[in-house]
Amino acid sequence: MSAIAGPMGRVVDPATMRRVMGRFATGVAVITALDGRGDPHGMTLNSLTSVSLEPPILLVCFNARARTAVAVAESGRFAVSILAARQEPIALRFAGRGEDHFAGLPLTYGEHNVPVVPDALAHLECTVDRSVTAGDHVVVFGAVDRTCDRDGPPLAFLGGRFGDFTSRGHQPQSWFF
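What counts, and at which threshold
- For every chain, the first residue of the written sequence is number 1, and numbering continues from 1 onward in sequence order.
- The predicted origin of the model limits local features to residues at a pLDDT of at least 70 and limits the giving and counting of side-chain atom pairs to 80 or more, whereas totals for whole chains, interfaces and linings rest on all residues.
- Excluding hydrogens and water, the side-chain values take into account all heavy atoms of the structure.
- Strands are runs of DSSP state E lasting at least 2 residues, helices are runs of H or I lasting at least 4, and numbering of each runs from the N terminus.
- To get the radius of gyration, use the C-alpha atoms; to get the globule rule, take the number of residues to the power 0.38 and multiply by 2.2 Å.
- Working definition: with a 1.4 Å probe on protein chains only, accessible area under 20% of the residue-type maximum means buried, over 50% means exposed, and in between means partly exposed.
- We call two residues in contact when some of their heavy atoms are within 4.5 Å.
- Here the open area of atoms and residues is found with the Shrake-Rupley method and a 1.4 Å probe, where only the protein chains shown may cover a residue.
- Here Asp and Glu are counted as negative and Lys and Arg as positive; His is not counted, and neither are the chain ends.
- Charge placement uses NZ in Lys and CZ in Arg. For Asp and Glu, CG and CD serve respectively.
- Any N or O atom pair separated by 3.5 Å or less is treated as a polar contact, with the protein-specific requirement of one donor-capable and one acceptor-capable atom, and with residues adjacent in sequence counted only for side-chain atom pairs.
- Whether two strands pair depends on DSSP finding at least two bridges between them.
- Each axis is a line fitted through C-alpha atoms, taken for helices only over the stretch in contact, and angles between the N-to-C directions span 0 to 180 degrees.
- Only protein atoms enter the calculation, which uses a 1 Å grid: trapped sets of points that fit a 1.4 Å probe without letting it out are cavities, open sets showing protein on both sides within 12 Å along at least five of seven lines are pockets, and any residue with an atom within 4 Å of a point is a lining residue.
- Grid points are joined across faces, edges and corners, and a volume is the space filled by probe spheres set on the points.
- By the convention adopted, Pro, Cys, Tyr, Trp, Phe, Met, Ile, Leu, Val and Ala count as nonpolar, Lys, Arg, Asp and Glu as charged, and the other residues, Gly among them, as polar.
- Working definition of a nonpolar core: buried Ala, Val, Leu, Ile, Met, Phe, Trp, Tyr and Cys residues. They are joined through side-chain atoms within 4.5 Å.
- One speaks of a salt bridge when a side-chain nitrogen belonging to Lys or Arg is within 4 Å of a carboxyl oxygen belonging to Asp or Glu.

Draft legend 1. Quick peek at the overall build of the chain. Broken down by element type, the chain carries three helices and 14 strands. By the compact-globule yardstick of 16 Å for 177 residues, the chain fits well, its C-alpha radius of gyration being 17 Å. If one aligns the C-alpha atoms of the chain with their principal axes, the spans along those axes are about 50 × 45 × 35 Å. Expressed as a percentage of the 177 residues in the chain, the buried residues total 35%. Partitioning the contacts of the chain with sequence separation of at least 6, the portion at a separation of at least 24 is 60%. When the accessible surface of the chain is summed, it comes to about 11,300 Å², and 56% of that surface belongs to carbon and sulfur atoms. One finds the centroid of the 16 positive side-chain charges in the chain at a distance of 9 Å from the centroid of its 17 negative side-chain charges.

And the structure:
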């Protein structure tokens, strides 16, 4: 393991960074893309963020060596499927490295001819706006071209474990305080 030197010269090793960031609860999504030959690639990730509403832009982070990252770079487009609570097996399927994640899995295709996970809570189809290399990852900003969504409980992730989100029964909060 290599260590990461912070701005104050302190060193944070990768295992510590993973453990600390594991305290941040996230949702779970599958990112899909077609490579230059038209072959589908996909991976599970939880590094997904809405960056802008006008225009709609989101951010995803990939390991720079991931086949899906290469497919996104080649095609210039990708789809995001935000997983429902009961889709943990899909998350695990797409988390495996070096496997054919699509074998035997019925998929639907979006407007960009990019596969999406059926019955996910939401789909977002994106065109790559820009990419930035950051450490061992590539940060991709996607211009959102098309969306669809449905109600249902999301799949959550915390501390290396899948879980459920439990509402406290409050009314939805406005983001504009």
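Draft legend 2. Expanded view of the side chain of T26. Mapped onto the secondary structure, T26 falls in strand 3 (residues 26-27). Reaching out from T26, the side chain makes a polar contact with the side chain of N46 at a distance of 3.0 Å. Residues contacting T26, with those up to four places away along its chain left out, are N46, L155, A156 and F157.

Draft legend 3. Expanded view of the sheet that holds strand 7 (residues 56-63). Strand order in this open sheet of seven strands is 5-4-8-11-12-7-6, and the pairing throughout is antiparallel. What marks the edges here is a single partner per strand, and that holds for strand 5 (40-45) and strand 6 (48-53). Adjacent strand axes in the sheet meet at a mean angle of 30 degrees, parallel and antiparallel pairs treated alike. Pairing analysis gives four bridges linking strand 4 (residues 29-34) to strand 8 (residues 77-82), with the strands arranged antiparallel.

Draft legend 4. Just the layout of surface pockets, in detail. In this structure, the largest pocket occupies an estimated 1,900 Å³ of space. Those elements giving two or more residues to the lining of the largest pocket turn out to be helix 1 (14-21), strand 5, strand 6, strand 7, helix 2 (67-75) and helix 3 (88-95). A class-by-class count of the residues in the lining of the largest pocket yields 22 nonpolar, 17 polar and nine charged. Looking at the lining of the second largest pocket, the elements with two or more residues in it are strand 3, strand 11 (122-134), strand 12 (137-149), strand 13 (155-158) and strand 14 (161-164). Grouping the amino acids of the lining of the second largest pocket by side-chain chemistry returns 17 nonpolar, seven polar and five charged.

Draft legend 5. Molecular detail of the nonpolar core. I31, L58, V60, F62, F78, V80 and V140 are the most contacted members of the largest nonpolar core, which has 19 residues in total. Going through the elements one at a time, strand 4, strand 5, strand 7, helix 2, strand 8, strand 11 and strand 12 are the ones with two or more residues in this core. Filtering out sequence-adjacent residues up to four positions away, V80 remains in contact with A29, V30, I31, L48, L58, A122, H123 and L124. In terms of nonpolar packing, the next biggest core, distinct from the first, is built from 10 residues, F94, F102, L105 and V117 among them.

Draft legend 6. Representation of unusual backbone geometry. The omega angle of the peptide bond from E54 to P55 is -5 degrees, so this bond is cis rather than trans. Relative to the elements of secondary structure, P55 occurs in the loop between strand 6 and strand 7. With a phi angle near 65 degrees, D119 is a residue other than glycine that sits in the positive phi range. Here D119 lies in the loop between strand 10 (115-116) and strand 11.

Draft legend 7. Structural context of the pattern of salt bridges. Under the criterion given, the structure shown has four salt bridges. Between D39 and R37 there is a salt bridge whose closest N-O contact spans 3.2 Å. A salt bridge links R146 to E125; its shortest N-O distance comes to 2.5 Å. With R146 in strand 12 and E125 in strand 11, the pair connects residues that are 21 residues apart, well separated along the chain. If you follow the salt bridges from partner to partner, you end up with D35, R37 and D39 in one network.

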